Amino acid sequence: MKLLIQAVSIAALLVLAVQSADGQEANYSRKGADTCIACHGDAEVLTLFRTKHGAPSLPGGPFGEGQLQCEACHGPGGSHAGRVRRGQERPSVIIFGSESNTSIEEQNGMCLTCHKNNVGFSWHTGAHPSDEVACADCHNLHHSPLDAVRQTSTQADVCFACHQMQRSETQKAFSHPILEGKMGCLGCHNMHGDNAATQLARLSVNDTCQQCHAEKRGPYLWEHAPVSEDCGLCHAPHGSNHPGMLTKRAPLLCQGCHSQSGHPSVAHDADGLASGTQSRFLLGQSCTNCHSQVHGSNHPSGSKLMR
Ligand code: HEC
Ligand code: HEC
Ligand code: HEC
Ligand code: HEC
Ligand code: HEC
Ligand code: HEC
Ligand code: HEC
Ligand code: HEC
Ligand code: HEC
Ligand code: HEC
């Protein structure tokens, strides 16, 4: 590191100044990073050298042999690095992030010159609009040796900057352990776009959930139709105020689909079937007091999901 900084040559800067006075645009600086660091030697910028991108040993990386170093990402900086006359504006390089004047397309283009294969074609068709969300909105390349979006414990915070609604959902009484930092969004979502709707990690909601909740996959002797269809019919994946992250409490949850006539709504009670009064069995766990195998049953006589 020290060597790089010491190698800065004032003479090179002067030569560049002449070049830009000649009206040459889009020229690269003579000494690469050494030129840039002469003015941008602050700790934040130098943190890059504690990441893969800053490693000279990384083949194809910005600091690999024959690569453009800082300018591999920030674009040609010769004019920017040159001398600026009083009252004149310093020509800009490519600046990253949504706030930047550089178009998102151009920013992402710099990353994609090396990362087409990492993000794949689906980036362009995915839910994160490739002309609205910058790679740099999620990936922090200078500020910390750890890229926050790629650490489970800090990932959600990066997303919450734009996804406020999901933030408030995860703050509800019952949710996945996201705020505790034990789980990120990644278990369920694929970041770089996918063919799946809503950028899910697997092709369907159920495949996604069953990666971790394999015991709910079945196959069951007696299936409960909505469970095989979509876990989201009963569960709010980001969080809910009802135990078990249910979208509603039973019996309301169940009665949303099961008719109120006959047994289902007026369950068996001490007076026998369908006495017309609210059953005490509907208190507490409600329908699941009796229909405890709500995800499906493997018991020969479990057709009513009771065992
Ligand atoms: C002679 C000093 C000097 C050199 C050399 C220099 N810069 Fe700059 N750079 C500046 C100044 C001053 C600004 C602020 C410009 C402004 O606000 O108009 C700046 C701004 C930037 C910014 C935007 C920072 C922000 O907060 O928005 C980036 C990125 C940048 N430079 C990258 C580079 C790169 C890459 C190089 C090497 C090719 C380089 N600079 C060389 C002086 C320099
Ligand atoms: C791999 C791509 C890449 C390389 C290589 C790179 N940068 Fe950056 N730079 C970025 C991104 C992305 C940002 C936006 C902030 C962030 O992600 O941390 C940025 C931000 C900056 C800023 C704005 C100030 C700030 O802290 O936000 C400066 C100045 C800068 N870079 C200078 C440099 C210099 C000097 C070098 C070479 C030593 C360099 N960059 C190499 C991608 C890169
Ligand atoms: C000059 C080529 C080049 C450019 C430009 C470039 N990268 Fe990289 N990047 C690499 C290489 C090479 C790796 C290492 C890949 C590996 O380990 O498989 C890498 C690794 C990464 C990683 C993973 C880091 C890790 O620690 O594993 C991320 C995230 C990343 N780049 C994002 C970006 C973003 C965002 C941009 C644009 C701002 C960018 N890169 C620009 C070449 C580049
Ligand atoms: C919505 C946030 C988000 C955006 C936008 C995003 N990424 Fe990522 N990226 C991630 C996350 C999260 C990971 C970690 C994935 C993992 O660990 O499986 C990742 C991983 C990576 C990696 C390293 C892992 C790998 O696939 O080899 C690279 C390289 C990368 N991203 C490049 C990019 C580039 C280039 C862009 C822009 C075209 C981009 N990313 C846009 C969130 C994002
Ligand atoms: C810079 C802002 C920004 C950041 C950061 C961001 N997103 Fe997004 N995200 C968007 C935008 C814009 C859309 C598309 C519009 C929409 O549907 O809300 C989107 C869409 C999505 C969708 C699909 C929504 C749908 O209806 O299909 C998912 C899932 C998603 N983001 C997850 C994430 C995750 C996970 C992260 C963090 C790793 C993240 N986002 C980070 C802006 C962002
Ligand atoms: C337990 C799995 C899971 C986790 C963890 C998760 N999501 Fe989701 N997310 C889903 C499902 C399932 C959907 C809805 C998919 C559908 O019905 O098409 C969804 C939808 C979304 C949508 C689109 C919402 C809409 O109404 O269109 C966004 C945005 C989103 N998630 C962001 C996030 C963010 C940000 C995180 C991390 C804080 C996150 N998700 C964590 C499973 C999850
Ligand atoms: C990446 C792994 C992972 C994925 C994918 C996942 N979960 Fe979870 N789930 C967990 C963990 C971890 C817990 C917490 C277990 C604990 O606290 O004992 C949990 C707990 C739950 C709970 C119980 C909550 C409570 O309050 O008792 C429900 C319901 C649930 N998940 C539903 C889902 C649904 C629906 C999906 C798909 C949209 C899904 N999960 C996807 C890991 C995952
Ligand atoms: C018909 C509504 C319904 C559907 C659909 C549903 N669940 Fe549930 N789930 C429930 C109810 C009700 C509970 C609470 C059970 C209790 O009270 O013990 C629950 C509890 C859970 C729990 C926490 C307690 C436990 O048994 O481990 C997990 C995890 C879970 N469900 C995962 C899933 C997954 C994964 C899917 C999709 C394959 C799914 N659920 C589909 C109604 C449903
Ligand atoms: C999204 C709609 C939906 C929800 C919510 C739902 N169910 Fe069902 N349930 C069905 C469907 C569809 C069937 C299959 C009916 C059939 O085959 O005739 C079914 C079947 C059943 C059966 C077996 C009925 C039989 O005739 O064999 C029981 C028992 C049952 N559900 C109980 C519950 C309970 C308890 C809840 C609440 C925890 C619940 N259901 C929530 C849609 C739902
Ligand atoms: C006290 C135990 C008990 C409670 C509480 C209970 N059920 Fe039942 N349920 C049964 C029994 C026993 C059967 C089987 C009746 C039969 O075979 O004729 C049954 C059958 C059903 C069936 C199949 C309907 C049919 O005609 O075969 C459905 C659907 C159902 N229950 C839904 C519910 C819902 C929804 C709730 C909550 C509102 C609920 N049950 C509460 C014991 C209960």
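The coordinates are above.
What this report covers is the structure whose coordinates are included nearby. (Residues numbered from 1 in each chain as written. Chains lettered and ligands numbered in written order. Predicted model: local features only at pLDDT ≥ 70, side-chain atom pairs only at ≥ 80, totals over all residues. Heavy atoms only, no water.)

## A few points about the site of ligand 6
Argument step 1. For ligand 6, the set of nearby residues contains 17 residues, the closest of which are Cys185, Cys188, His189, Thr198 and His238.
Argument step 2. A distance of 2.8 Å is found between a nitrogen atom of ligand 6 and a side-chain nitrogen or oxygen belonging to His189.
Argument step 3. Within the side chain of His238, an N or O atom sits 2.8 Å from a nitrogen atom of ligand 6.
Argument step 4. If you tally residues by element for the shell around ligand 6, the top one is helix H9 (residues 152-160), at three residues.
Argument step 5. Of the residues assigned to the shell around ligand 6, the class counts are ten nonpolar, seven polar and no charged. (Near = heavy atom within 4 Å. Polar contact = N/O pair within 3.5 Å; in protein donor to acceptor, adjacent residues only side chain to side chain. Helix = DSSP H or I, 4+ residues; strand = E, 2+ residues; numbered from the N terminus. Nonpolar A, V, L, I, M, F, W, Y, C, P; charged D, E, K, R; others polar.)

## Focus: the side chain of Thr102
Argument step 1. Along the chain, Thr102 falls in the loop between helix H6 (78-81) and helix H7 (104-119).
Argument step 2. There is a polar contact of 3.1 Å between the side chain of Thr102 and the backbone nitrogen of Ile95.
Argument step 3. For Thr102, the contacting residues outside a window of four places in its chain are Val93, Ile94, Ile95 and Gln107. (Contact = heavy atoms within 4.5 Å.)

## Focus: the coordination of the iron atom of ligand 9
Argument step 1. For the iron atom of ligand 9, the protein coordination sphere consists of His224 (NE2) and His258 (NE2), at 2.0 Å.
Argument step 2. Given six donor atoms and angles of 85 to 179 degrees at the metal, the environment of the iron atom of ligand 9 is assigned as octahedral. You can see His224 sitting in the loop between helix H11 (205-210) and helix H12 (225-229) and its partner His258 sitting in the segment after helix H13 (252-255), a full 34 residues away along the chain.
Argument step 3. Owing to a relative accessible area of 18%, His224 belongs among the buried residues under this scheme. (Donors = N, O, S within 2.8 Å, 3.2 Å for Na, K, Ca; no water. Tetrahedral: all angles 85-135°; square planar, octahedral: opposite > 155°, others 65-115°. Buried < 20%, exposed > 50% of the residue type's maximum accessible area, 1.4 Å probe, protein only.)

## Details of the coordination of the iron atom of ligand 7
Argument step 1. Taken together, His176 (NE2) and His213 (NE2) make up the full set of protein donors to the iron atom of ligand 7, lying 2.0 Å away.
Argument step 2. Geometry at the iron atom of ligand 7 is octahedral, judged from the six donor atoms that bind it and their angles of 89 to 179 degrees at the metal. With His176 in the loop between helix H10 (164-170) and H11 and His213 in the loop between H11 and H12, this pair connects stretches of sequence that are 37 residues apart.
Argument step 3. Looking at His213, the relative accessible area reads 37%, which means it is partly exposed.

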